[in-house]
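Listed here are the chains, written in short residue letters.
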Amino acid sequence: MVVKLRVYRVLLAVITICVWPSAFGQDSLITVTAEKGDGILSLLRKQGADPYEIYDDFIAMNVDNLRDSVQLYAGRDYKIPPFRVDTVAVVDSIAKTSKAIKKITGKEFAIFGSEHASVLVKSEKLKDAVYYLVSGHGGPDPGAMANYGGTQIAEDEYAYDITLRLAKELLAHSATVYVIIRDENDGIRDDSILKIDHDEVAYGGKTIPLNQTARLKQRVDIVNELHRKNRGKFQRLIVTHIDSRSKGQNIDVFFYHHEKSKNGKKLAESIHTTFQKKYKKYQPNRKYTGTFKDRTSLYLVKKTHPAMTFIELGNIKNKKDQRRILNVDNRQALAKWIAEGVLLDYEGGEIGHIR
């Protein structure tokens, strides 16, 4: 197995009730008022919902009442989509209860942390696909650093959090996912300030070298070996970084690929196209300026064998870009948009040889 999992079951006297939008009219929807400090995730949790399960439905239902497509306005009312209630006690005879027991299947991945471990399958769209996810830096190298409100923040912590969120999205569509840089203590975190540590390891429990070339070579060797073992399958590599430029330079998310990789270009273009559509829909007054282009000079782009894209998520030193990565709703949106681009790439995609 790629990551440890355990199947959970609903025990006696507990059943699963699924309430989906088709069963409700508009008048039956719950409406709640956002309080100061609320984000989408926290607002949905207060209602007892799994925020990740109905996140997309919430945005679609409230898009005209959101700032930058993911920010709530304090004091405004928001509609809550119908959601699954996983544990409802059955008040009935033992005989009826035993007949009412319904087993629900979910997978729990410890790497996501206790609060986010459970993954419910949404589809089998990616069941034949393999993805390698590499978040930038880690271990002895925190990557780009910046100061936010008197606290140091580091690139590797935010790139890793977004990578885990992306991994969970891909697993929900039945993909095989390898998280190459791993921190067994830090699962998905909903905090704005992510504590810096240096205990990340590479896949297989390997210590991450201090030397940059050795560190990059280690990642290349791991990915290429796994690529060899999965020969004949649809395989893609996604590398996530956060750039470091002058404080005044605000950048949109942009993508690199190998200059000779047709499949890598298609992957980068598919995610880029998804971002363009999202900006056009959710931020129609703001032009998306992110690009995708070849950049074979990057070590991981040049040396790894699977078709790949290298993603820069923003400038950690710029105040606007900091909001993009510090706000948990924004990090979740980034992961979901990348995942949608991955799904687009897989449609009609080809296995290909190396790259």
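Up top is the structure.
Quick caveat, the model's predicted, so the values are computed rather than measured.

Visitor: Please clarify how the overall build of the protein chain should be interpreted in this entry.
Guide: Within the protein chain, the secondary structure is distributed over nine helices and 17 strands. Contacts spanning at least 24 positions in sequence make up 77% of the contacts within the protein chain whose residues lie at least 6 apart. Accessible area for the protein chain stands at about 17,200 Å²; split by element, carbon and sulfur atoms hold 51% of it.

Visitor: Teacher, can you tell me more about the sheet that holds strand S12 (residues 201-202) here?
Guide: Strands pair in a sheet through their backbones, by hydrogen bonds, and they do so in one of two ways: parallel or antiparallel. The strand order across the open sheet built from three strands is S11-S12-S13, with neighbouring strands paired in antiparallel fashion. This sheet does not close on itself; its edge strands, each paired only once, are strand S11 (181-182) and strand S13 (206-207).

Visitor: When you look at the pattern of salt bridges in this model, what are you seeing that I'm missing?
Guide: Two side chains that carry opposite charge are able to pair once their charged atoms sit near each other. Per the stated rule, a full pass over the model turns up 20 salt bridges. Asp38 is paired through a salt bridge with Lys46; the nearest N and O atoms lie 2.7 Å apart. Asp38 sits in the buried class, given a relative accessible area of 14%. Between Glu124 and Lys127 there is a salt bridge, with the nearest N and O atoms lying 3.9 Å from each other. Linked through salt bridges whose partners overlap, the residues forming this network are Arg45, Asp161, Arg165, Asp190 and Arg331.

Visitor: Before we go on, may I ask you to explain helix H6 (residues 262-282) in this structure?
Guide: Since the α-helix turns once every 3.6 residues, residues separated by three or four places project in the same direction. When the terminal C-alpha atoms of H6 are compared, their 30 Å separation across 21 residues agrees well with the 30 Å that a helix rising 1.5 Å per residue should span. Along H6, the residues that are buried comprise Asn263, Gly264, Leu267, Ala268, Ser270, Ile271, His272, Thr274, Phe275, Lys278, Tyr279 and Tyr282.

Visitor: Mind showing me how you'd approach the pairing of strand S15 (residues 254-257) here?
Guide: Put simply, side chains in a regular strand alternate between the two faces of the sheet. Every second residue of S15 is oriented toward a common face, with Phe254 and Tyr256 on one face and Phe255 and His257 on the other, all of them buried. Sheet analysis places S15 next to strand S17 (residues 307-315), joined by three bridges and oriented antiparallel. Bridging across to S17, Tyr256 finds its partner in Phe310. Across three bridges, S15 lies against strand S16 (residues 292-294) in parallel orientation. Residue pairing for S16: Phe255 is matched across the bridge by Phe292. Handedness of the crossover joining S15 and S16 through H6 is recorded here as right-handed.

Visitor: Looking at this structure, how should I read helix H2 (residues 51-62)?
Guide: A rise of 1.5 Å per residue sets the reference length of H2, with its 12 residues, at 16 Å; its end C-alpha atoms lie only 14 Å apart and thus fall more than 12% short of the reference. In the core, the buried residues of H2 are packed alongside helix H1 (40-46), strand S3 (77-80), helix H4 (155-172), H6 and helix H9 (328-346).

Visitor: Please explain the environment of Leu334 as it appears in this structure.
Guide: Following the sequence through the fold, Leu334 ends up in helix H9. Along the sequence, Leu334 and Leu313 sit 21 residues apart, while their C-alpha atoms lie 8.4 Å from each other.

Visitor: Where do I start with the environment of His257 in this structure?
Guide: Tracing the backbone through its elements, the reader meets His257 in strand S15. Taking the C-alpha atoms as reference points, His257 and Arg295, 38 residues apart in sequence, are found 6.0 Å from one another. Setting aside anything within four residues of it in sequence, one finds His257 in contact with Gly264, Lys265, Ala268, Phe292, Lys293, Asp294, Arg295, Thr296, Val301 and Met308. Polar contacts involving the side chain of His257 include one to the main-chain amide nitrogen of Asp294, which spans 3.4 Å.

Visitor: Whenever I open this one, the side chain of Asn224 confuses me. Can you help?
Guide: Note that Asn224 resides in helix H5 (residues 212-229). For Asn224, a relative accessible area of 13% translates into the label buried. If sequence neighbours within four positions are ignored, Asn224 has contacts with Lys303, Thr304, His305 and Pro306.

Visitor: Please clarify how the sheet that holds strand S7 (residues 129-135) should be interpreted in this entry.
Guide: Reading across the sheet, the six strands line up as S10-S7-S14-S17-S15-S16 and stay open at both edges, with mixed pairing between neighbours. Lying at the two open borders of the sheet, with one neighbouring strand each, are strand S10 (176-179) and S16. With strand direction ignored, the average angle separating the axes of adjacent strands in the sheet is 25°. Here seven bridges tie strand S14 (residues 234-243) to S17, and the two strands are oriented parallel to one another. Each residue of the ladder has a partner; that of Asp243, found in S17, is Asn315.

Visitor: Can you walk me through unusual backbone geometry in this structure?
Guide: Only a minority of non-glycine residues have a phi that is not negative, and only a minority of peptide bonds are not trans. At His137, a position not held by glycine, the phi torsion is positive, near 65°. For Ser174, which is not glycine, the phi torsion reads 75° and is therefore positive. Along the chain, Ser174 falls in the loop between H4 and S10. For Ser174, a relative accessible area of 21% gives the class partly exposed.

Visitor: I tried to follow the layout of surface pockets on my own but got confused; where do I start?
Guide: Taking a probe equal in size to a water molecule and rolling it over the atoms shows the remaining empty space. Approximately 780 Å³ is the volume found for the largest pocket. Along its surface, the largest pocket is lined by 32 residues, and Asp50, Tyr52, Glu53, Ser118 and Leu120 are the ones closest to its centre. Elements with a contribution of two residues or more to the lining of the largest pocket: H2, strand S4 (85-89), strand S6 (118-119), H4 and H9. The biggest single contributor to the lining of the largest pocket is H2, with six residues. Its residues assigned to classes, the lining of the largest pocket comprises 12 nonpolar, six polar and 14 charged.

Calculation rules
- Residues numbered from 1 in each chain as written.
- Predicted model: local features only at pLDDT ≥ 70, side-chain atom pairs only at ≥ 80, totals over all residues.
- Heavy atoms only, no water.
- Helix = DSSP H or I, 4+ residues; strand = E, 2+ residues; numbered from the N terminus.
- Contact = heavy atoms within 4.5 Å.
- Areas by Shrake-Rupley, 256 points an atom, 1.4 Å probe, with all protein chains shown as cover.
- Pairing = 2+ DSSP bridges.
- Salt bridge = Lys/Arg side-chain N within 4 Å of Asp/Glu carboxyl O.
- Buried < 20%, exposed > 50% of the residue type's maximum accessible area, 1.4 Å probe, protein only.
- Expected span 1.5 Å × (residues − 1).
- Right-handed = clockwise from strand over helix to strand, strands pointing away.
- Polar contact = N/O pair within 3.5 Å; in protein donor to acceptor, adjacent residues only side chain to side chain.
- Axes fitted to C-alpha atoms, helices over the stretch in contact; angles between N-to-C directions.
- 1 Å grid on protein atoms, 1.4 Å probe; cavity = no way out; pocket = protein on both sides within 12 Å on 5 of 7 lines; lining within 4 Å.
- Points joined across faces, edges and corners; volume = space filled by probe spheres on them.
- Nonpolar A, V, L, I, M, F, W, Y, C, P; charged D, E, K, R; others polar.

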